[in-house]
Amino acid sequence: MAIRIFITGGTFDKEYNLLTGELYFKDTHLQDLLSMGRSQVPAEITTLMLKDSLDMTAADRELIIAQCRDCAESRIVITHGTDTMAETAKALAHTIHNKTIVLTGAMIPIKFGSSDGLFNLGGALAFVQSLPAGIYIAMNGRYFSWDNVRKNKVSGVFEELR
């Protein structure tokens, strides 16, 4: 069972400019992470965009939806920025009903070395293989249904609404 991984950007793939202190996008780190994690999961990887999720537009979300709808795989992982991950999950849930889609990301860029991204990616790959059709967010070893999750911007973790 091959899994499709769509890359959209977010902190997951950000780089740090030592001179300016700014975070920016250069390329995805996903293949390196799969190698570091010694993943044995067959995966097809497609980069859709490298954007901060706060900069995502309705057109960007439509592209994500179309790619998820049209790909042959029924199990999909999406790397995504954490600030609007729940918004994208909601848009997917209103359109796609016959696939298992798990969105994941990182609070700390992979390039920082102490990122939660590798752990979150591993969790997302495990959850996408075991959960029934639906839209989920996987962060910090937990998964959440799209309609019962929020990012707590004080504690920096995802939590259930109820």
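Below is a summary of the structure that appears in this document.

Definitions and limits used
The numbers attached to residues start from 1 for each chain and follow its sequence in the written order. Two thresholds apply to this predicted model, a pLDDT of at least 70 for residue-level local features and 80 or more for giving and counting side-chain atom pairs, whereas whole-chain, interface and lining totals are computed over all residues. Only hydrogens and water are removed before side-chain values are computed, so all heavy atoms of the structure are retained for them. Working definition: helices are DSSP H or I runs of at least four residues, strands are E runs of at least two. Numbering for both runs from the N terminus. Each radius of gyration reported is based on C-alpha atoms, and the globular scaling rule is 2.2 Å times the count of residues to the power 0.38. Whether a residue is buried, partly exposed or exposed follows from its accessible area with a 1.4 Å probe, protein chains only, as a fraction of its type maximum: under 20%, in between, or over 50%, in that order. Contact criterion: two residues are considered in contact whenever any of their non-hydrogen atoms come within 4.5 Å of each other. Centre distance within 6.5 Å is the pairing criterion for rings of Phe, Tyr and Trp, where only the six-membered ring of Trp is used; planes under 30 degrees apart are then read as stacked, over 60 as edge-to-face, and the remainder as tilted. The working definition used for a salt bridge is a side-chain nitrogen of Lys or Arg within 4 Å of a carboxyl oxygen of Asp or Glu. Here a polar contact is taken to be a pair of N or O atoms separated by no more than 3.5 Å, where protein atoms must pair a possible hydrogen donor with a possible acceptor and residues adjacent in sequence count only if both atoms sit in side chains. Angles run from 0 to 180 degrees between N-to-C directions of axes, and those axes are lines fitted to C-alpha atoms, restricted for helices to the stretch in contact. Comment on the angle field: the value is read as roughly parallel under 35 degrees, roughly antiparallel over 145, roughly perpendicular from 65 to 115, and oblique elsewhere. Two helices crossing with the near one rotated counterclockwise from the far one by less than a right angle form a left-handed crossing, whereas a clockwise rotation gives a right-handed crossing. Paired strands, in this sense, are two strands between which DSSP finds at least two bridges.

Quick notes on the overall build of the protein chain
Tallying secondary structure elements over the protein chain gives 4 helices and 10 strands in all. Compactness check: the protein chain gives a C-alpha radius of gyration of 15 Å against a globular reference of 15 Å for 162 residues, within 12% of the reference. In terms of principal-axis extent, the alpha carbons of the protein chain reach across some 45 × 35 × 30 Å. Looking at the protein chain residue by residue over its 162 residues, the buried ones come to 48%. The long-range fraction of contacts in the protein chain, counting pairs at least 24 apart against all pairs at least 6 apart in sequence, stands at 62%.

Some words on the packing of aromatic side chains
Scanning the entire structure with this criterion turns up 2 aromatic pairs. Among the aromatic side chains, those forming a connected cluster through ring pairs are Phe127, Tyr136 and Tyr143.

A few points about the pattern of salt bridges
In total, this model carries 8 salt bridges according to the counting rule given. The salt bridge partner of Lys51 is Asp60, with a shortest N-O separation of 2.6 Å. For Glu160, the salt bridge goes to Arg142, with nearest N and O atoms at 3.8 Å. Taken together, the positions of Glu160 in the segment after β10 (157-159) and Arg142 in strand β8 (residues 142-145) put the pair 18 residues apart, joining distant regions of the chain. Judged by relative accessible area, which is 40%, Arg142 ranks as partly exposed.

Details of the environment of Glu73
Looking at the element boundaries, Glu73 is found in the loop between α2 (58-70) and β5 (75-79). The exposure class assigned to Glu73 is buried, which follows from its relative accessible area of 10%. Along the sequence, Glu73 and Lys99 sit 26 residues apart, while their C-alpha atoms lie 8.2 Å from each other. Not counting the four nearest positions on each side in its chain, Glu73 is found in contact with Ala2, Ile3, Arg4, Glu44 and Lys99. There is a polar contact of 3.1 Å between the side chain of Glu73 and the side chain of Arg4.

Here we look at the packing of α2 against helix α3 (residues 85-93)
The interhelical angle for the contact between α2 and α3, taken along N-to-C directions, is 50°, at an axis separation of 10 Å. With respect to their mutual orientation, α2 and α3 come out oblique. α2 and α3 meet at a crossing whose hand is right-handed. Contacts from Arg61, Ile64, Ile65 and Cys68 of α2 reach α3 at Glu87, Thr88, Ala91 and Leu92.

Remarks on the sheet that holds strand β6 (residues 100-104)
Sheets are built from strands that pair by backbone hydrogen bonding, the pairs being arranged parallel or antiparallel. Here 6 strands make up an open sheet; going across it, the order is β4-β1-β5-β6-β7-β8 and the pairing mixed. The open sheet terminates on both sides in strands that have one partner only, identified here as β4 (43-51) and β8. Averaged over all adjacent pairs, the angle separating strand axes in this sheet is 20°, with direction ignored. Across 5 bridges, β5 lies against β6 in parallel orientation. Of the residues in β6, the one forming a bridge with Ile78 is Leu103. Against the sheet, α3 engages β5, β6 and β7 (134-139), with an angle of about 165° to β7. Its contacts with the sheet place helix α4 (residues 117-130) against β1 (3-9), β5, β6, β7 and β8, and it is angled at close to 160° to β5.

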